[in-house]
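Residues per chain are reported as follows:
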Amino acid sequence: MTTVRTPAGRPATEEEARAVQDALRERVVLDEPGPPPGTGHVTGVDVAYDDERDVVAAAAVVLDASTLEVVAEATAVGHVSFPYVPGLLAFREIPAVLAALEALPCPPGLVVCDGYGLAHPRRFGLACHLGVLTGLPAIGVAKNPFTFTHADPGARRGSSSPLLAGTEEVGRALRTRDGVKPVFVSVGHRVDLDTACAHTLALTPAYRLPETTRRADALCRRALRETPTGQAPAAR
DNA sequence: GCGACAG
DNA sequence: ATCTTGTCGC
């Protein structure tokens, strides 16, 4: 019989992945307020895929939190390590994201993820997972409400309403532009919900989505385009 | 059992 | 996520 080795912490099945989430969930820190908005570094991370070529490209873009100017950026290219399964997104994104973060020449500060943190079936979404693995403060800002419910926030930028899992507030639907669909903010690690929303507003002076995710999205797409077929080491 | 479902 | 042109508007 053959023994297939999987890198440490890399589950091979959905069942294993859920078990990993249940174990790591206990390491999430929720009693810290988090870094004050407008200070230090804020880093956006995102991933782009080409399942046909089995290539995944991640990007990490560090911004100065007060000016939103780009301070540093890094990318990592690898192979798709897990299929997309609702609730298990982190296993598909994290290997490449970790590699990109490690390639940065400076501390990331607060990490802003494109997805959820506590707003997750087992309260352990991408932002929690990344936060626990790196020890960095992290939040999730998603474009869709996933399976959660929410009342429509007021029409003005800054309005919000609870994102609910039954009666439990797992995040917030936050309006970042007047009259535009809200984004869905949730806590990842070492940041409280009010601070997470304040950061999200500080990062959206002009568009619905945070500058961090906009920059990271553009960068990982470019990295994917510029990766020749048959060349994708890193992010193992 | 069936459908929904972050990216 | 990704497949995809033009088009309306500031």
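Values in this document were obtained by computation on a predicted structure and should not be read as measured data.

## Brief notes about the UniProt feature "binding site: Mg(2+)" (unreviewed entry) in chain A
The UniProt record annotates "binding site: Mg(2+)" (unreviewed entry) at Asp46 and Asp114. Taken along the chain, the residues just named run across 69 residues; in space they keep tight, none of their C-alpha pairs more than 6.2 Å apart. Inspection of the secondary structure assignment puts aspartate 46 in strand E1 (residues 41-50). For aspartate 46, a count of 27 C-beta atoms within 10 Å puts it in the buried group. Apart from the residues lying within four places of it in its own chain, the contact partners of aspartate 46 are Ala59, Asp114, Thr213, Ala216, Asp217 and Cys220. Mapped onto the elements of the fold, aspartate 114 is located in the loop between strand E4 (110-113) and helix H3 (126-134). Overall, aspartate 114 belongs to the buried group, with 25 C-beta atoms counted inside 10 Å. Those residues in contact with aspartate 114, other than ones at most four positions away along the chain, are Asp46 and Thr213.

## Observations concerning the environment of alanine 48
Of note, alanine 48 is situated in strand E1. Spatially, the C-alpha atoms of alanine 48 and threonine 167 are 34 Å apart, while their sequence positions differ by 119 residues. Leave out the neighbours within four places in its chain, and alanine 48 touches Ala57, Cys220, Arg221 and Leu224.

## Considering the nonpolar core
Among the nonpolar cores identified, the biggest contains 67 residues, and Val45, Ala57, Ala58, Ala59, Ala100, Ile139 and Cys220 are the most heavily contacted of them. Excluding residues within four positions of it along the chain, isoleucine 139 makes contact with Leu110, Val112, Cys113, Gly117, Ala127, Val185, Val187, Gly188, Val191, Ala196 and His199.

## What about the protein's contact with DNA strand B?
Taken together, 17 residues sit near DNA strand B, with Tyr84, Leu89, Gly115, Tyr116 and Gly125 positioned nearest. Looking at the surface near DNA strand B residue by residue, the classes come out as nine nonpolar, six polar and two charged.

## Considering the sheet that holds strand E2 (residues 55-64)
What the eight strands build is an open sheet, ordered E3-E2-E1-E4-E5-E8-E7-E6; its pairing is mixed. Pairing within the sheet leaves two strands with one partner each, and these edge strands are strand E3 (70-78) and strand E6 (160-165). Taking the axes of each pair of neighbouring strands and ignoring which way they run, one obtains an average angle of 25° across the sheet. Relative to E4, E1 is paired through four bridges, and the arrangement is parallel. The residue bridging threonine 43 from the neighbouring strand is valine 111, located in E4. Helix H2 (residues 89-102) rests against E1, E2 and E3 of the sheet, and its axis sits at about 45° to E2.

## Overview of the environment of proline 145
Along the polypeptide, proline 145 turns up in the loop between strand E5 (138-142) and E6. A count of 17 C-beta atoms within 10 Å places proline 145 in the partly exposed class. Taking C-alpha positions, proline 145 is 20 Å from threonine 195, a pair spaced 50 residues apart along the chain. Residues in contact with proline 145, not counting those within four places in the same chain, are His150, Leu163, Ala173 and Phe184.

## Remarks on the packing of H2 against H3
Geometrically, a packed helix pair is captured by the angle between its two axes and the distance between the axes. Closest axis-to-axis distance for the H2/H3 pair is 10 Å, and the angle between their directions is 40°. Classed by the angle they form, the pair H2 and H3 counts as oblique. Once H2 is placed against H3, the crossing between them reads as right-handed. Where H2 approaches H3, its residues Leu89, Ala90, Glu93, Ile94, Val97, Leu98 and Leu101 are matched on the opposing element by Leu126, His129, Leu130, Leu133 and Thr134. Its residues assigned to classes, the contact of H2 with H3 shows nine nonpolar, two polar and one charged.

Calculation criteria
- Residues numbered from 1 in each chain as written.
- Chains lettered and ligands numbered in written order.
- Predicted model: local features only at pLDDT ≥ 70, side-chain atom pairs only at ≥ 80, totals over all residues.
- UniProt positions renumbered as here; feature names shortened; annotations may be inferred.
- Helix = DSSP H or I, 4+ residues; strand = E, 2+ residues; numbered from the N terminus.
- Buried ≥ 20, exposed ≤ 12 C-beta atoms within 10 Å, placed from the backbone.
- Contact = placed C-beta atoms within 7 Å.
- Core = buried A, V, L, I, M, F, W, Y, C linked by C-beta atoms within 7 Å.
- Near = placed C-beta within 6 Å.
- Nonpolar A, V, L, I, M, F, W, Y, C, P; charged D, E, K, R; others polar.
- Pairing = 2+ DSSP bridges.
- Axes fitted to C-alpha atoms, helices over the stretch in contact; angles between N-to-C directions.
- Parallel < 35°, antiparallel > 145°, perpendicular 65-115°, else oblique.
- Left-handed = near helix turned anticlockwise from the far one by under 90°.

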